[in-house]
Amino acid sequence: MSEIQQIQWFPGHMTRTKRQIQASLGLVDAVAEIIDARVPQSSRNPDLNKLVAGKPRVVLLNKCDMADPNETTKWLAYFEKEQTAALTVDCKTGKGLNRFAPLMRQVLQEKLAQWKAKGMVNRGVRVMIVGIPNVGKSSFINRMAGGSRARVEDRPGVTRGNQWFSAGKGLELLDTPGVLWPKFDDPAVGEKLAFTGAIKDQIVDTEQLAGRLLCFLAKHYPAGLQARFKLTQEDLAMDEPYDLLCQVGRRRGMLISGGEVNTERAAATVLDEFRAGKLGRVTLDPMEGGR
């Protein structure tokens, strides 16, 4: 999708965010990178490795309950092979978050031992939270901090600046703004991020986007479409994304004068229901094609 590939992500804002992260690295002991379990490759900023080089890191695969569990298992094995500590979580419900602090202390065990040897027994662990927009950083912090301390909205770009939060038990969290990269070398990455809502709908063709999502689901996860939209095997065999989108609109009775399908409304419904996990557990980055 060339329009996504060519989008410019406000280079000035990008540069400021990177500088904020780099300037704050000296304040933290480790980094927690939150990614979307549905797009575990596409939701990782390729600049992050350079930005946080040298800091211990834990990767949290958020929204795990909406991802294909078989693919998630493969991704966890991949991170283990890469010697990167990883954890599956659902920040909205809190699932898996009780394992975060113990895992972070395991990752930092050498540093904790050094502190203890120096008599710094009450030294808190400071962790920087990073991730692209709309991946769940604010939900994670709210859960860990025990309340709605950070703004949470189902749209990208809510967090504006670095903020500290106490998560109790000697754990302090530094929130950072979500940062996308200036241009996608692979348009498929931008498309997948648009599917999940990490890219604002206002700057993409949502009808084209929804149609392409439907074609992907029809090929790889047809059961969810059949159950949700009452599509037949004949419907799922449609090659044209627009035709499949129209069929979804017809099945839902989204018709306007003259019997035409309101494709704009159908597209919004498809995207909303996918992002809410109503079309089944889906992973857009399969492990075999993920690297």
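Computed from a predicted structure; not experimentally measured.

It is worth spelling out the confidence of the model for the protein chain at this point. For the protein chain, per-residue confidence averages 87 on the pLDDT scale, and 88% of positions sit at 70 or higher. Across the protein chain, the element-wise mean pLDDT spans from 49 in helix α1 (residues 2-5) up to 98 in strand β3 (residues 85-88). Considering only residues more than four positions removed or in separate chains, one finds that residues 5-12, a stretch of pLDDT under 50, has 18 contacts.

Looking now at the packing of aromatic side chains. This structure, assessed with the given rule, holds 5 aromatic pairs. For the ring pair W75 and F79, a centre distance of 6.3 Å and an interplane angle of 40° mean the geometry is tilted. Remark: F79 and W75 occur in helix α4 (residues 69-81); sequence separation between them is 4 residues, near one turn of the helix. Given a relative accessible area of 0%, F79 falls into the buried group. Judged by centre distance (5.1 Å) and plane angle (85°), the ring pair of F100 and F140 falls under edge-to-face. In this pair, F100 sits in helix α5 (residues 100-107) while F140 sits in helix α7 (residues 137-145), placing the two residues 40 residues apart along the sequence. Of the two residues, F100 and F140, both sit in the buried class. By the ring-pair criterion, three or more aromatic residues cluster together here, those being W75, Y78 and F79.

With that out of the way, let us pick up the environment of F140. Taking the relative accessible area as the measure of exposure, F140 reaches 0% and is therefore buried. Sequence separation between F140 and G94 is 46 residues, and the spatial gap between their C-alpha atoms is 7.9 Å. With residues near it in sequence (within four places) discarded, F140 still touches I34, L60, C91, L97, F100, I129 and L173.

With that settled, consider the pattern of salt bridges. Tallied over the entire structure, the rule returns 13 salt bridges. Between R38 and D36 there is a salt bridge, with its nearest N and O atoms 2.7 Å apart. For D36, a relative accessible area of 3% translates into the label buried. One salt bridge in this structure joins D285 and K192, with 2.8 Å as the shortest N-O distance. Of this pair, D285 sits in the loop between α13 (263-275) and α14 (287-290) while K192 sits in helix α8 (residues 187-196), and the two are 93 residues apart along the sequence. A cluster of three or more residues bridged by salt bridges with shared partners is formed by E33, R44 and R57.

This part covers the packing of helix α9 (residues 206-220) against helix α10 (residues 222-229). Relative to each other, α9 and α10 sit at 115°, their axes nearing to 6 Å. Viewed along their axes, α9 and α10 adopt a mutual orientation that is roughly perpendicular. When α9 is examined against α10, the residues L214, L217, A218, K219 and H220 are found in contact with a partner set consisting of P222, L225 and F229. Class assignment of the residues belonging to the contact of α9 with α10 gives a composition of 6 nonpolar, 1 polar and 1 charged.

Let us look at the sheet that holds strand β1 (residues 30-36). One open sheet accounts for 6 strands, arranged β3-β2-β1-β4-β6-β5; its pairing is mixed. Pairing within the sheet leaves two strands with one partner each, and these edge strands are β3 and β5 (163-166). On average, adjacent strands in this sheet sit at an angle of 25° to one another, irrespective of strand direction. Of the pairings in the sheet, the one linking β1 to strand β2 (residues 57-62) comprises 6 bridges and is parallel in character. Of the residues in β2, the one forming a bridge with I34 is L60. Packing of α5 onto the sheet brings it into contact with β1, β2, β3, β4 (125-130) and β6 (171-175), and relative to β2 it is tilted by some 155°.

Next up on the list: the pairing of β3. Consecutive side chains along a regular strand alternate between the two faces of the sheet. Strand direction decides the pairing type here: β2 and β3, joined by 4 bridges, are parallel. Opposite V59, over in β3, you have A86 as the bridge partner. For the handedness criterion, the β-α-β arrangement of β2, α4 and β3 is classed as right-handed.

Before going further, it helps to spend a moment on the nonpolar core. Generally speaking, nonpolar side chains in soluble globular proteins are found buried as a group. One finds F100, F140 and L173 to be the most contacted residues of the largest nonpolar core, which totals 63 residues. The element best represented in this core is α9, accounting for 7 residues. Counting residues in hydrophobic clusters, the runner-up holds 11 residues, among them I21, L25, V31 and L48.

Conventions we followed
- Residues numbered from 1 in each chain as written.
- Predicted model: local features only at pLDDT ≥ 70, side-chain atom pairs only at ≥ 80, totals over all residues.
- Heavy atoms only, no water.
- pLDDT = per-residue confidence, 0-100.
- Helix = DSSP H or I, 4+ residues; strand = E, 2+ residues; numbered from the N terminus.
- Contact = heavy atoms within 4.5 Å.
- Phe/Tyr/Trp six-rings, centres within 6.5 Å; stacked < 30°, edge-to-face > 60°.
- Buried < 20%, exposed > 50% of the residue type's maximum accessible area, 1.4 Å probe, protein only.
- Salt bridge = Lys/Arg side-chain N within 4 Å of Asp/Glu carboxyl O.
- Axes fitted to C-alpha atoms, helices over the stretch in contact; angles between N-to-C directions.
- Parallel < 35°, antiparallel > 145°, perpendicular 65-115°, else oblique.
- Nonpolar A, V, L, I, M, F, W, Y, C, P; charged D, E, K, R; others polar.
- Pairing = 2+ DSSP bridges.
- Right-handed = clockwise from strand over helix to strand, strands pointing away.
- Core = buried A, V, L, I, M, F, W, Y, C linked by side-chain atoms within 4.5 Å.

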